[in-house]
Amino acid sequence: MEAPPLIRLEDVARTYVMGDVEVRALQGVTLTIEEGEFVAVMGASGSGKSTLMNLLGCLDRPTRGRYLLEGQDVSRLPNDALAAIRNRTLGFVFQNFNLLARTSALENVELPLLYAGISTAERHARAKEALERVGLADRADHLPNQLSGGQQQRVAIARALVNRPRVLLADEPTGNLDSRTSVEVMALLQELGHAGITVVLVTHEHDIAEYAARVLVMRDGRVLSDERRIPRPAVPPPPRPHEAVEGRVES
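The structure presented is a predicted model; accordingly, all values stated were derived computationally and were not measured. (Residues numbered from 1 in each chain as written. Predicted model: local features only at pLDDT ≥ 70, side-chain atom pairs only at ≥ 80, totals over all residues. Heavy atoms only, no water.)

Caption draft 1: Region of the structure containing the overall build of the chain. The secondary structure content of the chain amounts to 8 helices and 10 strands. Taken against the 2.2 N^0.38 rule, which gives 18 Å for 251 residues, the C-alpha radius of gyration of the chain at 18 Å falls within 12% of a compact globule. Residue burial in the chain is summarised as follows: out of 251 residues, 49% are buried. Within the chain, contacts between residues at least 6 apart in sequence are counted, and of these 69% link residues at least 24 apart. For the chain, the accessible surface area stands at approximately 12300 Å², while carbon and sulfur atoms represent 51% of it. Within the chain, the 33 negative side-chain charges are centred at a point lying 3 Å from the centre of the 29 positive side-chain charges. (Helix = DSSP H or I, 4+ residues; strand = E, 2+ residues; numbered from the N terminus. Rg over C-alpha atoms; globule rule 2.2 N^0.38 Å. Buried < 20%, exposed > 50% of the residue type's maximum accessible area, 1.4 Å probe, protein only. Contact = heavy atoms within 4.5 Å. Areas by Shrake-Rupley, 256 points an atom, 1.4 Å probe, with all protein chains shown as cover. Lys, Arg positive; Asp, Glu negative; His and termini not counted. Charge placed at Lys NZ, Arg CZ, Asp CG, Glu CD.)

In structure tokens form, the structure reads like this:
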């Protein structure tokens, strides 16, 4: 029996009522995303891309239609069941990093495991493994203000990976980074995709979307186009001379 797609939306709509006004954020979206795909979602403000991301992340529910994740209809699950799915299957990366300022990189990465009740020894081991995966094992004890913007985003990605999710949802992850550091982050996301993690990226930047193997363009709550293509390889430029000496990346 063939396994179901990792993500499937069936005629999904989301309507918000604001006073006397109905806002149709999504209007009948049907979509399938297979395991290991790297998908970029683009669209102007108000196109529905953020609403789509919230639904995929089990942070919101459709007004109509079904959302099947790993073959399970999660559309009407209670809040505690959705929280368990978010903690087990989904990882989140945001534009603003959302790191605790007075907490080390290692402790920031450990947070999801703390909420999951994982033992101290296992938390440390898995957080160190996640930091090593994003190339920051030697920055485990640094506070966020001791890290560059790109390094902070990599800590945020490590935090998203520490629960070993199947899906990584990234909302404008390069929005606060310069172009050079953005390429470094996209190289990491491509690497994770090659390792089998499904990556769904929301971006308004066409050059960032070029690193994805599939691009969805949304307009007025609908999928306007869905294109698969050969992604642009994310190849970070070589370090500047002072970075090679200091061993750090400036944002």
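Caption draft 2: Representation of the environment of Leu-90 in the model. Looking at where Leu-90 falls in the secondary structure, it is placed in strand β6 (residues 90-94). The buried category is assigned to Leu-90, whose relative accessible area is 5%. A C-alpha to C-alpha distance of 11 Å links Leu-90 and Ala-170, two positions 80 residues apart in sequence. Aside from chain neighbours lying at most four places away, what touches Leu-90 is Leu-56, Gly-57, Cys-58, Leu-69, Ile-85, Pro-165 and Val-167.

Caption draft 3: Region of the structure containing the sheet that holds strand β5 (residues 72-73). Ordered in space as β2-β1-β4-β5, the 4 strands form an open sheet in which the pairing is antiparallel. Of all strands in the sheet, those with a lone pairing partner are β2 (21-33) and β5, marking the two edges. As defined by bridge partners, strand β4 (residues 64-69) adjoins β5 across 2 bridges and the pair is classed as antiparallel. By the bridge assignment, Leu-68 is partnered in β5 with Asp-73. Those strands touched by helix α1 (residues 49-56) are β1 (7-18), β2 and β4, and its axis lies near 120° from that of β1. (Pairing = 2+ DSSP bridges. Axes fitted to C-alpha atoms, helices over the stretch in contact; angles between N-to-C directions.)

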